[in-house]
Amino acid sequence: MLLAKPTETGARRTPLYRRAGFLRAISPVALLLVWQIGSTSGWIPAKKLPAPSAVFDAGLETYRSGQLGEALLVSGQRALYGFVLGAVLALALGVLAGLSRIGEYAVDPPLQMIRTIPLFGLIPLFIIWFGIGEEPKIFLIALGVFFPLYLNTYSGIRQLDPKLLELSDALHLGLAERLRLLILPGALPQILVGARQSLGIAWLSLIVAEQINASAGLGFVVNNAREFLRTDIVVFGLVIYSLLGLLTDSIVRVLERRALRWRPPALR
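Residues numbered from 1 in each chain as written. Predicted model: local features only at pLDDT ≥ 70, side-chain atom pairs only at ≥ 80, totals over all residues. Heavy atoms only, no water.

**Thoughts on the overall build of the chain**
Here is step 1: When you go through the chain residue by residue, the secondary structure sums to 12 helices and 0 strands.
Here is step 2: Overall, the chain shows an N-to-C arrangement of helices and strands of α-α-α-α-α-α-α-α-α-α-α-α.
Here is step 3: Its C-alpha atoms give the chain principal-axis dimensions of about 70 × 65 × 30 Å.
Here is step 4: Residues counted as buried form 36% of the 268 residues belonging to the chain. (Helix = DSSP H or I, 4+ residues; strand = E, 2+ residues; numbered from the N terminus. Buried < 20%, exposed > 50% of the residue type's maximum accessible area, 1.4 Å probe, protein only.)

So, in C-alpha cells, the structure goes:
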C-alpha cells in the first residue's frame, strides 16, 4: 500500500499540458478559433456559415425558448431505442453466426446481402411498411447500428484462440458458461470497437431519420430553422448532434478502459 501512494500522487500531479483531455481539446479549440477569425474577417460569408459566437447566441435562444430540452429528450429516446434494438439483434446473431456452422451458412449470407443495400435508400420502403410515425425512425437507427456491431462480434468470435475452446471442452463447460467466461470476454475488444462505430452511425441515422415527418426532436428544430433561413440554428443543431456523438463515444472509451484493464497500457 505504501508503494501505491506515490504513484497515485504522481498521477494527480501530471501537468495539464500532458493530460489526455487537454491534448484532445487542442485541435477542436484551434478549429473554432480559425472559424471565428474567418467569419469576423469576412472570409467566411455569414449567410453560408455563421460565426461560432452567432451559433452560440442561437443556441442560447433555443435553450431559453424551451425547445432544446424537449428536443434532446425526444431525440435521445429515439437514439436509445434504436441502439438497444440494433445492438441486441447484432450480438445475438453475431454469436450465432460465429459459434455454429449452421449460423454461419444460414444467417451470415443474407445479412451480407442486406448490408450492401444503402441504408438511407430504404427510407421510402420503411415509410410504406411502418408509416410516418416513430417506428420507421427507430428501425432505421437500429439497422444502422446493427451491422458494425454484428461484423465485429462475428469477427471477434472467429478470431478467438482455439486453445480457449479446447479449454472449455476440457472443463466440460456448458454453452452459457462458455459464453460468459471465455467467448464474450475474448471477443470483447472487437465488440467494443463495434459499439463505438455503431454509436456513431446511430447519431448519423438519427439525423436522417428525423427528416421523416418529425414533429419533435432535434431534426424538427433544424428543419423548422431551415424554413426560416436560420442558418445559425441549423448549425447549432448539427453541433449538438456531434457533441452527443462525442459524449457517447467517450462513455464507451471509459468502459473499454475499465473492461480491458488486463491488456498492456499501449493497447487499451
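**Here we look at the environment of V193**
Here is step 1: Secondary-structure assignment places V193 in helix α10 (residues 175-209).
Here is step 2: Overall, the relative accessible area of 33% leaves V193 in the partly exposed class.
Here is step 3: For the pair formed by V193 and R253, sequence separation is 60 residues and the distance between their alpha carbons is 9.2 Å.

**Digging into a positive patch on the surface**
Here is step 1: A surface patch of like charges, here positive, comprises R24, R257, R258 and R261.
Here is step 2: Here R24 lies in helix α2 (residues 20-40).
Here is step 3: Residue R24 is classed as partly exposed on the basis of its relative accessible area of 48%. (Patch = residues over 30% accessible without salt bridge, like charges linked within 9 Å, V, L, I, M, F, W, Y side chains within 5 Å. Areas by Shrake-Rupley, 256 points an atom, 1.4 Å probe, with all protein chains shown as cover. Salt bridge = Lys/Arg side-chain N within 4 Å of Asp/Glu carboxyl O. Lys, Arg positive; Asp, Glu negative; His and termini not counted. Charge placed at Lys NZ, Arg CZ, Asp CG, Glu CD.)

**Describing the pattern of salt bridges**
Here is step 1: Tallied over the entire structure, the rule returns 8 salt bridges.
Here is step 2: E104 is the partner of R158 in a salt bridge, and the nearest nitrogen-oxygen pair spans 2.9 Å. A residue pair is termed long-range when its members are at least 10 positions apart, and R158 in helix α8 (residues 134-158) and E104 in helix α5 (residues 101-106) qualify at 54 residues.
Here is step 3: Residue class for E104 comes out buried when judged on its relative accessible area of 19%.
Here is step 4: Ionic pairing is found between E227 and R226, a salt bridge with its closest N-O pair at 3.2 Å.
Here is step 5: Bridged by salt links that share partners, the residues E61, R230 and D232 form one connected network.

**Comments concerning the layout of surface pockets**
Here is step 1: Roughly 690 Å³ of volume is contained in the largest pocket.
Here is step 2: If you go around the largest pocket, you meet 23 residues; those closest to its centre are P28, V239, S242, L243 and L246.
Here is step 3: Those elements that provide at least two residues to the lining of the largest pocket are α2, α3 (52-64) and α12 (231-259).
Here is step 4: By residue number, the principal contributor to the lining of the largest pocket is α12, which donates 9 residues.
Here is step 5: Grouping the amino acids of the lining of the largest pocket by side-chain chemistry returns 16 nonpolar, 4 polar and 3 charged.
Here is step 6: Estimated volume of the second largest pocket: approximately 230 Å³.
Here is step 7: Together, 16 residues line the second largest pocket, and I114, F126, L143, F146 and F147 are the ones closest to its centre. (1 Å grid on protein atoms, 1.4 Å probe; cavity = no way out; pocket = protein on both sides within 12 Å on 5 of 7 lines; lining within 4 Å. Points joined across faces, edges and corners; volume = space filled by probe spheres on them. Nonpolar A, V, L, I, M, F, W, Y, C, P; charged D, E, K, R; others polar.)

Taken by themselves, the reported measurements are silent on function.
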